[in-house]
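Structural overview
Residue-level listing of the chains:
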Amino acid sequence: MKKHISILLTIALFCLCAETKSQTIEQTIRGTVIDRVSQSPIPGAVVTLLTTPPRAVATDDKGNFKLEHVPVGKQSLKITFMGYKETVMQNLSVNSGKELVLTPTLEEDATEMSEVEISAKIEKNKALNEMSTVSTRAFSVEETQKFAAAANDPARMALAFAGVVSGTDGNNTISIRGNSPNGLLWRMEGVEIPNPNHFSNVGSSGGGICILSAQLLNNSDFSTGAFAPEYGNALSGVFDLKLRRGNNNKREYTFQAGVLGLDIAAEGPFKKGYDGSYLINYRYSTLSVLEKMGVPLFGSTTNFQDLSFNVFLPTKKSGNFTAFGFGGLSDQFSYAKKDSTMWEEDDFYKSDQRFYANTGAAGITHTKLFKNQSYLKTALVASGTRNGYVENELQKDYNTFIKQYEQSFVQDKVTLSSVFTRKLNARSNIRTGIILNELGYKLLMRDQDSSDVLRDKIDVKGQTQTAQAFFQWNYKLTPKLTTNIGAHYLQLFLNNSWSLEPRASMKYDLNSKNSLTAGYGLHSQIQPIGIYFSRLPQHDGSYTTPNKDLKLSKAHHVVLGYDHVINEFSHIKTEVYYQYLFNVPISKDPKSTYSIINEVNGYNPEPMTNNGLGRNMGLELTYERFLHRNFYYIVSLSLYDSKYKAPNGNWYNTRYNTNSALSITAGKEWILKGSKNRVLGVNIKSIYVGGLRNTPIDLPASIAAGETKYQEDKTFELQNPDYYRLDLRISIKRNYTHVTSTFAIDLQNATNRKNVGGQYFDAKTAEIKYWYQLPMLPLLSYRLEF
């Protein structure tokens, strides 16, 4: 491992020290200025490039602007229009390889002219959704690319934010405010999508690596509580992803090669004079490269590939159409070793094993702008997942296999959504919509019982439907007080369980530097579909489905927040929250401590009831400096407590009750001496989190049984040692005349710390042993944009 790291660092230093000739390189900034609420273009807005001296252009009758001959590097824009609040877009990255295409939004000023005052407020991380007031922030594509160890992955990037902790190093599963990871909702272009991650399991919101390439994403929102009324079927958080349109003036390409594989993207116009465009990205990877570098993959062959696209098709009178989608294939397989002495070391070598996870979604949207400051957006999306695992045990004759376990989960969904937004006036706007889903499923899970007979735990095929509807109203009562009220409705037709959920939030500006926020919401979520169809065998050989009538899990969210602006580039934000969970599925066994709250993934087939409870409460503090003078940082501190009530009537820690989490994310860029076209970037992320919880192993009982037995009376009392990880990213960006190159090395767990993942019982040695999370992981990449 150390040898490979030395080679990579040598390459980095060589790239850094290479002599280049300094020259002035320029690029174009262009885009469309639109109204934040109605999405209508704003003709006549003034876009000023804040250089010395400043340069300004006005938008045309379609809201378009174009600034040519802009020097590469960090640039800032100011956008103004009579009756609207001024918007400043700071530290935009202008590169020679691609035009910078923007869609700035302006918010109409609801104040009277006599009341207008200069605001010192920072808008950089303000939610794109104007209805989201609390526990929501926007994140940029640049952050997913720049943050250390983010690996172009929104979920990994979110570890820099307060309230978010990692489930394990091996994937991007995250727990938000102590909740189970499966409480997270993924949306794309306003529609719920299946878990968009490679190597994902059923009943999970994470996986090994995100399917969606950063090439395709635009600035998006991330919510951690008290969501706006339009978000449903989620208990912990929401990723509301937006897609970037391709360049509609010229063809551009991106090529990236690295340890994680090859990544190729292309974008451009369909024809000259037409505003339509396409954007497509393909990626292929085999992680066997990592094993050759010393990263343990346990002898498995691991591969993945994905394709994503976004096509924009505007018309003159019929509105704008888009076609978008993504698809990912991932698998991992290993073969039994024909050497019984290896079986004694580890049962892993005794079986052929194959895991696969395939996910995809494709859809069309239609957006029609109306003259009364309103628009209607309709989407039709088809999506599906294929997850499976098969394990066959090799017998002593080295030829015969016996099937030990099999699962095959096929889920399909067709979604139709229609959302209407109306800007009533400068103070008020409304949004309402419906979402209809047709769900198809074919689920099979077989496992050996105590007599070594393969039994069906789940075996079902069928269809069902869900319906959602929402209404929300944003109203500025005064220039300082903004309110949002509304409701969300969710129904599962499989068993007619439903939930009507009131939502409300407000923001009050004490003055130009201080503001208060508050929010409340009732939220619900459908159980993972396989839970409803677990089979319980009867004495006569028949089966019952005891979980088919499970209701929706629900939670009350309450959030209070305070934001203080220190100066034009930094602020401090704090939030306190309380979440009360109810209708949570728990075991019907009154002696059990099982609750779905602690599940990471999968379908637990045991009989359950909706009598479970949970509560999460905490304090979050964020001190953030946006990029200024080529330096930024985010310091996030979370103090919280997460508990649940088990079937035996006792309250216990949840698995994710780490009690505390501290993350420091920072970065600095240097323009290298002698060449303004080369930039050295150094980014770090340091995470210190209390350990995840485990139930202690009962060693005497485990030895007697020959398998793991737990001390159920001490459920989740055992806490792993504190988790610490330092990630480091070093990049060198070079702008040539029409090409931008970026060489980067990401060192994940740069100190090679051995973080405890948990314990297990080794039946061969009759001992309790630790297993550890990932060691140092070097990720090398080279990207060209042209």
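Attention in this report is confined to the structure presented alongside it. (Residues numbered from 1 in each chain as written. Predicted model: local features only at pLDDT ≥ 70, side-chain atom pairs only at ≥ 80, totals over all residues. Heavy atoms only, no water.)

Mapped onto the secondary structure, Arg 655 falls in the loop between β38 (651–653) and β39 (660–671). One buried charged residue, Arg 655, remains without a salt bridge, the closest side chain of opposite sign being Glu 599 at 8.6 Å. Contact partners of Arg 655, with chain neighbours within four places excluded, come to Asn 598, Val 600, Leu 692, Arg 693, Asn 694 and Phe 716. (Helix = DSSP H or I, 4+ residues; strand = E, 2+ residues; numbered from the N terminus. Buried < 20%, exposed > 50% of the residue type's maximum accessible area, 1.4 Å probe, protein only. Lys, Arg positive; Asp, Glu negative; His and termini not counted. Salt bridge = Lys/Arg side-chain N within 4 Å of Asp/Glu carboxyl O. Contact = heavy atoms within 4.5 Å.)

Turning to the side chain of Glu 107, a few remarks are in order. Within the fold, Glu 107 resides in the loop between β9 (105–106) and β10 (136–139). Take Glu 107: its relative accessible area is 15%, and that puts it in the buried class. Polar contacts involving the side chain of Glu 107 include one to the side chain of Lys 126, which spans 3.1 Å. In contact with Glu 107, other than residues within four places in its own chain, are Arg 36, Tyr 84, Lys 85, Lys 126 and Lys 476. (Polar contact = N/O pair within 3.5 Å; in protein donor to acceptor, adjacent residues only side chain to side chain.)

The tally for this structure, following the rule as stated, stands at 38 salt bridges. With a shortest N-O distance of 3.4 Å, Arg 446 and Glu 406 are connected by a salt bridge. Placement of the pair is Arg 446 in strand β27 (residues 428–448) and Glu 406 in strand β26 (residues 401–423), with a sequence separation of 40 residues. A residue is classified by how much of its surface remains accessible, and Arg 446, at 27% relative accessible area, is partly exposed. Of the residues examined, Glu 406 reaches a relative accessible area of 14% and is grouped as buried. Linked through salt bridges whose partners overlap, the residues forming this network are Glu 130, Arg 187, Glu 230, Asp 240, Lys 242 and Arg 431.

On to unusual backbone geometry, then. The residue after Thr 52, namely Pro 53, is reached through a cis peptide bond having omega -5 degrees. For Pro 53, the position within the fold is in the loop between β3 (46–49) and β4 (55–58).

There is a patch of nonpolar side chains on the surface, built from Leu 560, Ile 566, Ile 572, Val 576, Leu 619, Leu 621, Tyr 623, Leu 637, Leu 639, Leu 662, Ile 664 and Tyr 688 and spanning about 900 Å² of accessible area. Elements that contribute at least two residues to the nonpolar patch include exactly β34 (553–567), β35 (570–587), β36 (608–628), β37 (631–645) and β39. The element that contributes the greatest number of residues to the nonpolar patch is β36, accounting for three residues. Structurally, Ile 664 is set in strand β39. (Patch = residues over 30% accessible without salt bridge, like charges linked within 9 Å, V, L, I, M, F, W, Y side chains within 5 Å. Areas by Shrake-Rupley, 256 points an atom, 1.4 Å probe, with all protein chains shown as cover.)

The subject of this paragraph is the sheet that holds strand β7 (residues 87–94). Across the sheet, which stays open at both edges, the four strands sit in the order β4-β3-β6-β7 with antiparallel pairing between neighbours. Two strands close off the open sheet at either side, each with one partner strand: β4 and β7. Within this sheet the neighbouring strands show an average axis-to-axis angle of 25 degrees, counted without direction. (Pairing = 2+ DSSP bridges. Axes fitted to C-alpha atoms, helices over the stretch in contact; angles between N-to-C directions.)

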